[in-house]
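Descriptive structure summary
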Amino acid sequence: MKTFSSTAFTLCAFAGMLASFQPSSQANDWPTFRGADRKDISKETGLLKSWSADGPKKVWTFEGAGLGYSGFAVVGGTLYTLGAKEFEEHLIAVDVATGKEKWTVSIGPLLTNGWGDGPRSSPTVDGDRVYAWVARATSPVSVPRMAR
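Note that the coordinates shown come from a computational prediction; the quantities given were computed from them, not determined experimentally.

**Side note on the overall build of the protein chain**
Tallying secondary structure elements over the protein chain gives one helix and seven strands in all. Going residue by residue from the N terminus, the α and β elements of the protein chain occur as α-β-β-β-β-β-β-β. Intrachain contacts of the protein chain at a sequence separation of at least 6 include 55% that bridge at least 24 residues. Total accessible area on the protein chain is roughly 8600 Å²; 55% of this is exposed by carbon and sulfur atoms.

If you want it as structure tokens, here you go:
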């Protein structure tokens with residue numbers, strides 16, 4: 001049986017910004033690909049204009065997503081992404097404050113091809129549901145945000 005090794009999945013650049021997110025603060029949410037209005041522009045204010053020579057402090061690294069090329073959605077203190085483990089694609093929820101996995105759920109079979117295996121889409125959060133597109137599916141998968 002062929003197995004896939006877990007690929008280090010580093011969220012360092014995103015983690016520093018996400019650490020300040022508060023679950024009740026909707027202004028910080030990034031619920032879908034390219035943000036709430038799909039312009040790739042954050043509404044955050046008071047960000048540094050330049051970094052010190054040491055750069056920003058690494059808050060956490062998450063290495064449990066496995067294979068794939070997924071983007072992120074962040075809502076209410078939870079980061080959502082996709083990854084592949086063994087022969088399945090998974091929707092993964094990570095606690096923004098700690099970098100720890102909250103839950104993961106299998107959403108479909110692993111995409112394999114000559115350009116790199118695994119999921120390629122970004123989850124979308126709408127209300128109490130998370131939507132994810134599985135590469136081998138003809139329609140998106142819908143999962144309750146808080147059901148896990």
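**Remarks on the sheet that holds strand β4 (residues 101–109)**
With antiparallel pairing, four strands are arranged side by side in an open sheet as β1-β2-β3-β4. Strands at the two margins of the open sheet, each flanked by one partner only, are β1 (73–75) and β4. The average angle at which neighbouring strand axes cross in this sheet is 25 degrees, direction not considered. Here strand β3 (residues 88–95) runs beside β4; their pairing, made up of seven bridges, is antiparallel. In the strand pairing of β4, E89 is matched with G108.

**Details of the pairing of β3**
Of all eight residues in β3, six are buried, a share of seventy percent or more. Where strand β2 (residues 78–85) and β3 come together, eight bridges link them in antiparallel fashion. For K85, the partnering residue across the bridge sits in β3 and is E88. Here β2 folds back onto β3 in antiparallel fashion, the turn holding two residues, of which E86 has a positive phi close to 55 degrees. What sits between β3 and β4 in their antiparallel hairpin is a turn of five residues, with G99 showing a positive phi close to 80 degrees.

**Thoughts on the confidence of the model for the protein chain**
Caution applies to low-pLDDT regions: their predicted coordinates should not be interpreted in detail. Summing up the model confidence of the protein chain, the mean pLDDT is 77 and the portion of residues at 70 or higher is 76%. Across the protein chain, the secondary-structure element scoring lowest on mean pLDDT is helix α1 (residues 12–18), at 38, and the one scoring highest is β1, at 95. Long-range and interchain partners of residues 1–25, a stretch whose pLDDT sits below 50, account for 51 contacts in this model, where long-range means more than four residues apart.

**Section: the nonpolar core**
By size, the foremost hydrophobic cluster in this structure holds 14 residues, and its most contacted members are Y80, L91, W103, V105, I107 and V125. Only β1, β2, β3, β4 and β6 (129–132) provide two or more residues apiece to this core.

**Things to note about the pattern of salt bridges**
Per the counting criterion, the structure on display carries two salt bridges. With a closest N to O distance of 3.4 Å, D37 and K43 form a salt bridge. Residue D37 is classed as partly exposed on the basis of its relative accessible area of 34%. Under the relative-accessibility criterion, K43 is labelled exposed at 61%.

Cut-offs applied
- The numbering scheme is per chain: residues are counted from 1 as the chain's sequence reads.
- Totals for whole chains, interfaces and linings use all residues, but because this is a predicted model, local features are given only for residues with pLDDT of at least 70 and pairs of side-chain atoms are given and counted only at 80 or more.
- Note: side-chain values were computed over all heavy atoms of the structure, leaving out hydrogens and water.
- Each helix is a run of DSSP H or I of at least 4 residues and each strand a run of E of at least 2, with the numbering of both proceeding from the N terminus.
- Note on definitions: a residue-residue contact is assigned when non-hydrogen atoms from the two residues lie within 4.5 Å.
- To be clear on the numbers: accessible area is Shrake-Rupley with a 1.4 Å probe, and residue cover counts the displayed protein chains and nothing else.
- Following DSSP output, two strands are said to pair if at least two bridges run between them.
- With axes taken as lines fitted to C-alpha atoms, and helix axes fitted only over the stretch in contact, angles between N-to-C directions fall between 0 and 180 degrees.
- Working definition: with a 1.4 Å probe on protein chains only, accessible area under 20% of the residue-type maximum means buried, over 50% means exposed, and in between means partly exposed.
- Every residue carries a pLDDT, the predictor's confidence in it, which falls somewhere between 0 and 100.
- Residue types Ala, Val, Leu, Ile, Met, Phe, Trp, Tyr and Cys, when buried and joined through side-chain atoms within 4.5 Å, form a set referred to as a nonpolar core.
- The salt bridge definition used is simple: a Lys or Arg side-chain nitrogen within 4 Å of an Asp or Glu carboxyl oxygen.

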